[in-house]
Amino acid sequence: MSDDIRKKILALRQEVMRHEELYRKKNSPEISDFEYDKLVDQLGDLEREYPQYAGTDLGIGDDQAEGFQQRDHREPMLSLDNTYDEKEFQQFGERLIGKVGHRNALEFVIEPKIDGVAVSLTYEKGKFVCAVTRGNGTRGDDVTHNVALIKSIPRTLKNAPDILEVRGEIYMELSEFERLNREREAEGEALYANPRNLAAGTVKLLDTDEAKRRNLSIVCYGLGACVPADTFATLKDFKDKLIAWGFPVRDDIPVQKGIDAAWKAIGQLDALRRSLPFPTDGAVVKLNKLSDQKAAGATSKFPHWAVAFKFPPDQAETILKAISMQVGRTGTVTPVAELEPVLLAGSTVARATLHNADEISRKDIREGDTVRIQKAGEIIPQILGIVLEKRPADAKPFNFEARLKELGLDAAREGDEAAYKLKAPSTEMKVRRLIHFASKQCLDIDGLGEAVAEQLIALKLVDAPVDALKVSRAEWAMLEGFKEKSVDNMMAGVAAAKQRELWRAIHALGIPNIGMQTAKDLARHFKSMDALESAKLEDLLITKVGKKGGESYESVISGVGVEVSKSIASFFSDPNHRDWVQAMRQAGLNLVEKTTTQSVAAVAGKTFVLTGTLPSLGRDEARDLIEKAGGKVSGSVSKNTDYVVAGEEAGSKLTKAQELGVKILDEASLRKLLG
Ligand code: IVH
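Residues numbered from 1 in each chain as written. Predicted model: local features only at pLDDT ≥ 70, side-chain atom pairs only at ≥ 80, totals over all residues. Heavy atoms only, no water.

*Asks:* What am I meant to see in the packing of aromatic side chains here?
*Replies:* Each aromatic ring pair is summarised here by two numbers: the centre-to-centre distance and the angle between the ring planes. Counting across every chain of the model gives 15 aromatic pairs. When the ring of Tyr171 is compared with that of Phe278, the centres are 5.1 Å apart and the planes differ by 70°; the resulting orientation is edge-to-face. With Tyr171 in strand S7 (residues 163-171) and Phe278 in the loop between helix H9 (259-272) and strand S10 (280-287), the pair connects residues that are 107 residues apart, well separated along the chain. Judged by relative accessible area, which is 2%, Phe278 ranks as buried. An aromatic cluster is defined as three or more aromatic residues linked by ring pairs; in this entry it consists of Phe89, Phe92, Phe108, Trp263, Phe309 and Phe311. Between the NZ or CZ atom of Lys204 and the centre of the ring of Phe68, over which it lies, the distance is 5.4 Å. Across the ring face of Trp503, the terminal group of Lys520 is positioned such that the distance to the ring centre comes to 4.6 Å. (Phe/Tyr/Trp six-rings, centres within 6.5 Å; stacked < 30°, edge-to-face > 60°. Helix = DSSP H or I, 4+ residues; strand = E, 2+ residues; numbered from the N terminus. Buried < 20%, exposed > 50% of the residue type's maximum accessible area, 1.4 Å probe, protein only. Lys NZ or Arg CZ within 6 Å of the ring centre and 35° of its normal.)

*Asks:* Got a minute to help me understand helix H8 (residues 235-245) in this structure?
*Replies:* Note that an α-helix has 3.6 residues per turn; residues three or four places apart therefore point the same way. Here H8 has its buried residues at Leu235, Phe238, Lys239, Leu242 and Trp245. One side of H8 holds all its buried residues, which, seen down the axis, span an arc of 120°. Buried residues along H8 sit in contact with strand S3 (107-114), S7, strand S8 (217-227), S10 and helix H10 (290-296). Two residues or fewer past H8, Gly246 is found with a positive phi of approximately 105°. (Arc of directions from axis to C-beta. Contact = heavy atoms within 4.5 Å.)

*Asks:* Help me understand the environment of Gly493, please; the structure alone is not making it clear to me.
*Replies:* As for its placement among the helices and strands, Gly493 is situated in helix H16 (residues 484-497). Separated by 190 residues in sequence, Gly493 and Pro303 have C-alpha atoms that sit 56 Å apart. Setting aside residues no more than four positions away along its own chain, Gly493 makes contact with Ile445 and Asp446.

*Asks:* Any chance you could explain the nonpolar core here in plain terms?
*Replies:* The nonpolar side chains of soluble globular proteins are, as a tendency, buried together. Ranked by size, the top nonpolar core spans 57 residues in total, and within it Leu448, Leu456, Trp476, Leu522 and Met529 carry the most contacts. For this core, the elements supplying multiple residues, two or more each, are helix H13 (427-438), helix H14 (450-458), H16, helix H17 (502-508), helix H18 (516-526), helix H19 (529-533), helix H21 (562-572) and helix H22 (575-586). The contact partners of Trp476, leaving out residues within four places of it in the chain, are Leu448, Val452, Leu456, Ala468, Val471, Phe482, Val487, Met490, Met491 and Val494. If you look at the next biggest cluster of nonpolar residues, it comprises 36 residues, including Ala131, Leu164, Cys226 and Leu235. (Core = buried A, V, L, I, M, F, W, Y, C linked by side-chain atoms within 4.5 Å.)

*Asks:* How do you make sense of the sheet that holds strand S24 (residues 663-665) when you look at a structure like this?
*Replies:* Strand pairing in a sheet is mediated by backbone hydrogen bonds. Such pairs are either parallel or antiparallel. The parallel open sheet is built from 4 strands, whose spatial order is S22-S21-S23-S24. The sheet is open, and its two edges are formed by strand S22 (632-634) and S24, each paired on a single side. Within the sheet, the average angular offset between the axes of one strand and its neighbour, ignoring direction, is 35°. Pairing analysis gives 3 bridges linking strand S23 (residues 643-646) to S24, with the strands arranged parallel. Paired with Val645 across the strands is Leu665, a residue of S24. Helix-sheet contacts for helix H25 (residues 652-660) involve strand S21 (607-611), S23 and S24, and the interaxial angle to S21 is about 135°. Against the sheet, helix H26 (residues 667-674) touches S21, S23 and S24, its axis set at about 100° to S24. (Pairing = 2+ DSSP bridges. Axes fitted to C-alpha atoms, helices over the stretch in contact; angles between N-to-C directions.)

*Asks:* Hey, could you run me through the sheet that holds strand S2 (residues 82-83) in this one?
*Replies:* Spatial strand order, S2-S11-S10-S3-S9: 5 strands in an open sheet with mixed pairing. Bordering the open sheet on either side are S2 and strand S9 (256-257), each of which pairs with just one other strand. The pairing of S10 with strand S11 (residues 306-310) spans 5 bridges and is classified as antiparallel. Bridge pairing links Val284 to Ala308 in S11.

*Asks:* Got a minute to help me understand the pattern of salt bridges in this structure?
*Replies:* Once the charged atoms of two side chains with opposite charge are near each other, the side chains can pair. Scanning all chains against the criterion turns up 41 salt bridges. The residue Asp281 makes a salt bridge to Lys310 at a minimum N-O spacing of 3.3 Å. Residue Asp281 is found in strand S10, and its partner Lys310 is found in strand S11; the two are separated by 29 residues along the sequence. Across the pair, exposure class does not vary: Asp281 and Lys310 are buried alike. In this structure, the salt-bridge partner of Asp444 is Lys440, at a minimum N-O distance of 3.7 Å. The structure contains a network of salt bridges with shared partners spanning Glu111, Lys236, Lys239, Asp240, Asp251 and Lys286. (Salt bridge = Lys/Arg side-chain N within 4 Å of Asp/Glu carboxyl O.)

*Asks:* Where do I start with the site of the ligand in this structure?
*Replies:* Taken together, 15 residues surround the ligand, and among them Glu111, Ile114, Arg134, Glu169 and Lys286 come closest. Take Lys113: an N or O atom from its side chain is 3.1 Å from an oxygen atom of the ligand. A distance of 2.7 Å separates an oxygen atom of the ligand from a polar atom in the side chain of Glu169. With the chains in place, 89% of the 520 Å² that the ligand exposes on its own is no longer accessible. Going through the elements one at a time, S3 and S10 are the ones with two or more residues in the shell around the ligand. (Near = heavy atom within 4 Å. Polar contact = N/O pair within 3.5 Å; in protein donor to acceptor, adjacent residues only side chain to side chain. Areas by Shrake-Rupley, 256 points an atom, 1.4 Å probe, with all protein chains shown as cover.)

*Asks:* It is not clear to me how H21 should be interpreted in this structure. Could you clarify?
*Replies:* What H21 keeps buried is the set Val564, Ser565, Ser567, Ile568, Phe571 and Phe572. For H21, the arc enclosing every buried residue in end-on projection is 160°, short of the 170-degree limit, so these residues lie on one face.

*Asks:* Is there a simple way to explain the side chain of Glu176 in this structure?
*Replies:* Among the structural elements, Glu176 can be located in helix H5 (residues 174-186). Among the residues examined, Glu176 registers a relative accessible area of 8% and is labelled buried. Within polar-contact distance, the side chain of Glu176 engages the side chain of Arg179 at 2.8 Å. Discounting chain neighbours no more than four positions away, the residues touching Glu176 are Arg213, Arg214 and Asn215.

The structure is reproduced here in C-alpha cells:
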C-alpha cells in the first residue's frame, strides 16, 4: 500500500515535470491548464498527506531566471488555492465562518482570474520604482525594464502612502497574441501555444527591443506592503483608489455579502468572461475587509481569505472527417484532425493537432469517429477522446505508416522519439529551413526572405541552409531581377551575418525544441559551438538514480530539461548536422560567445544601469559594449547596481543612484572604463 503511494507520487512528479517542460520549453502543451492544475493539486494533496514520500519542492511556478537581478518582496506574494465545484467553494466559506466568525457579515470581492503573470509594482513616495515577478513568493526577478513599457501603469501617484506594493497580472490581449502568431507563421516558426505563455516569455525578455514589439497589458487587483499600514480598510477602498490613480482594474461585480451571494456572482462572471479582452479560466473570490483577511490568515503558499474557482473548460463533440499530415520545418510529420467545424468557446474549430502516432493509437482514434474536443484557458483546441457509441460500423483503426506511404511521405522515427520525420527534406522544408536560418531571430541575413529563399532552392544553389553562406556573386546574379546592386547587398548581408553572436548560429541550426531563448541560454553556458556540439547528455542533465532504480533528471542549465537535452544530443549525432557546423566554420561564421573572450577586468561581473540619452552611443550600442566586456545591464537601480551610466534627461534612476550612493558615469568615463 505505502509503496503504491510512493510510486504514485513519483509518477505524478514525473508527469508534472514532463508537462511543465512541454508547456514552457516546447511551447506545445499536451494537456490543458485545467488538467495541469489538477495534476499539480493532486500531487500537492498527496504530498501533504504523506510527507514521508514528498520529494524536494519542484519549484513549480518559481519563475526566477538567469540574467535578472533578484529583489525581495516586502510582503510575500502568495498563490491561490483552487476549487473546482460548488461543494469545494462552500467549504472555503465554511472555513472562513469558523475563523472570522460572522456568516452574513462576510463581504466578498469577486473578480475574473486573469491568466497571465503576477507582478508586484513598488511605489515609494508616490513614484514608481520597480516591477518584480512573483519568483518563489519571497523574492522575484526585477523586470522593470519590460514592465515599464506598459503605458497604462502610472509613473506617479498623488497622495500616495510612503510605500505601496501594487499587485497585478500582466497579460497579452488575444488580438495581440493572434497578431504575433501570424508573424510567426509567416516566418515558418512554431506558433506560441497560448497568450499566458507568451506574456510570461515577454516579461522575461532580456532583449528590450523584442519586448517593445510585443504589447503587454496589465490588470491590478491586490495590495502588498503598505506604509502606513492603516491606509486602507477594505479591498474595495483600495481598488477605488487604484482606479482614481489611473490603474487598470476590473470592477465588474459589486461587493457581495455572504458566501451564497458570492457563489451567484461567480455564475455572473462565467457568463461575462468570454467578452473580456484577456484569457480567463476562473474567478477569484476574496474577503473585502482587510481586518477579516488578517483574522483568516494564510499558509506559506495560500491565503485562507481568498480562493480561485476554476471554470471547467468548454467542450464539444464533432466528427473527425479525416487525419491529414503536416510537415514542419524540421521534417517532423504531425497528424492533424480535420474536423466538422464546430463552435467552441466563441470561435469555430475545424482542425486540432493529434500530436503523434502513439497518441492516435493510444486513444484509438479513427477517421469517421465522433470526438470530444476541449478548449480551456488557452487557444489551441485539444482532442480528449472518442465517443465510442457513435463510431460508424466501418471505421478502421488508423494505420499511420500506411497513410504516410499513400501520401508519398518517406518518414521514420528514430530511437524512442514519438515523432516520424522525413528521411530526406522536401523542397518546401528546405525553403522553410532557409527562411528560418536567415530570419531576424537567427542570422538576420538582410534581403534573404521567402522569395529569395524559394529561388535559391529551386535553382539548387542552396540545399542545406548553410550553403547560403557561400553563394558566389555569379550565383546571386542568377536570381530573377538581381542586378549588380542587389548582388552587392546580398554579399554585404551575408558578410554581416558572419559576425553575429553565437546564439544566432545555434538558433539558425533549427534544432527541434530550441527556440531563441534556449539558444541564448546555451550560448551563455557553452560559450562556443565546439563545446555545444561535443556536449554529452550528462553535460546537459544530471541523472539521479533512486534506491529502487527509478531515474530522475535535473537540469544543468536552467530551462534545459530532458526533451531539450535529448533533442540537442540527437541533432549532433547526425553526421549531416555536424557537416553543417563544419560548413559554418569554413564559411567564417562566428561560433564563439563574444562577451567572455574580451572580458575587461574592471567591468566583468559588474551591473550597469543605463539612463537618459548619451551623446554618441545608442542604448543598444552601450549595452552591447558593456556585455561584450563581461558586464551586465539591468533595467533598474538597486543597492546591487555597480554603475549608473547617465546621459541627458536622466530621470528617476539617476536620483535613485544618488540616493543609494551608486557610482555615476557619463559616456566618456564609461568608454574609459571599457578601455
Ligand atoms: S488575488 C494572495 N486576483 O492567480 C493572492 N489573483 O493562481 C491574491 N490572479 O497568484 C491574488 N487574477 O497571480 C488575484 N483577480 C485576481 C487574479 C489573480 C489572476 C493570479 C495571481 C495569483 C494566481 C493564483
